[in-house]
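Listed below are the residues making up each chain.
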Amino acid sequence: MNKALFYMFFKIGLFTLGGGPAMIPLVQKELVDDRKLISGSDFLDLVAFASGLPGAIIVNLSIFIGNRLNGVKGALVSAAGAVLPAYLSMIALATVFTSISNSKLVQAAFLGIRPTIIVLIATSVYNIARYSEYDRQGKCFALFALLALLVLDISAVLVIISAGFVGAVFYGWKGLKNAD
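Residues numbered from 1 in each chain as written. Predicted model: local features only at pLDDT ≥ 70, side-chain atom pairs only at ≥ 80, totals over all residues. Heavy atoms only, no water.

Moving on, we come to the overall build of the protein chain. If you tally the helices and strands in the protein chain, you get 7 helices and 0 strands. When the helices and strands of the protein chain are read in sequence order from the N terminus, they spell out α-α-α-α-α-α-α. Once the C-alpha set of the protein chain is aligned to its principal axes, its extents read approximately 60 × 45 × 25 Å. Taking all 180 residues of the protein chain together, the buried fraction comes to 28%. Contacts spanning at least 24 positions in sequence make up 60% of the contacts within the protein chain whose residues lie at least 6 apart. Of note, the protein chain has its 14 positive side-chain charges centred 6 Å away from the centre of its 9 negative side-chain charges. (Helix = DSSP H or I, 4+ residues; strand = E, 2+ residues; numbered from the N terminus. Buried < 20%, exposed > 50% of the residue type's maximum accessible area, 1.4 Å probe, protein only. Contact = heavy atoms within 4.5 Å. Lys, Arg positive; Asp, Glu negative; His and termini not counted. Charge placed at Lys NZ, Arg CZ, Asp CG, Glu CD.)

In structure tokens, the structure reads:
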């Protein structure tokens, strides 16, 4: 299992540009849709939890998934698989970046990559929403969070903390069994 976890996260890290949010749909496809190692709702919970912690979301997510599937060893090999491609890429690119950064071809390639990253992140949002089971109040939380972020320009950290607090109070008062 550990070899499979390392390989899955290494492959995802190796072929994904755009960081953690762009990796989420690939992790979901690999572990939820194709291999069915975790459920869609469990994946959503893990993404939500990983997003709320400091650090790179893909590293947090790989640790949670690895731990869930194979304990501490699974967490370590999953994290190593997720981090190693970026580490190796950064070493390689750092040695040649100054000599290629002014290249018109490299600049043109990045202009082509940027819109693709946006699509990967949008796909991630769609796939996460697809597995979400919101009640009416949850939909209101999502709408208020969106408005707070886009219209009021409130810090994402403050929005997450506030949503957690309000959710704990509301659903704690209402009862968790009614939240499903």
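Scanning all chains against the criterion turns up 2 aromatic pairs. Aromatic pair F6 and F10: ring centres 5.6 Å apart, planes at 20°, arrangement stacked. Here the residue F6 and the residue F10 both occupy positions in helix α1 (residues 2-14), the gap between them amounting to 4 residues, near one helical turn. (Phe/Tyr/Trp six-rings, centres within 6.5 Å; stacked < 30°, edge-to-face > 60°.)

The subject of this paragraph is the nonpolar core. One finds V27, F43, L61 and I65 to be the most contacted residues of the largest nonpolar core, which totals 21 residues. For this core, the elements supplying multiple residues, two or more each, are α1, α2 (20-34), α3 (40-51) and α4 (57-100). Beyond its immediate stretch of four places on either side in the chain, F43 contacts I24, V27, Q28, V32, I38, L61 and I65. (Core = buried A, V, L, I, M, F, W, Y, C linked by side-chain atoms within 4.5 Å.)

Right, let's talk about unusual backbone geometry for a bit. Its identity as a non-glycine residue notwithstanding, K36 has a phi of 50°, on the positive side. Unlike most non-glycine residues, D153 shows phi in positive territory, near 55°.

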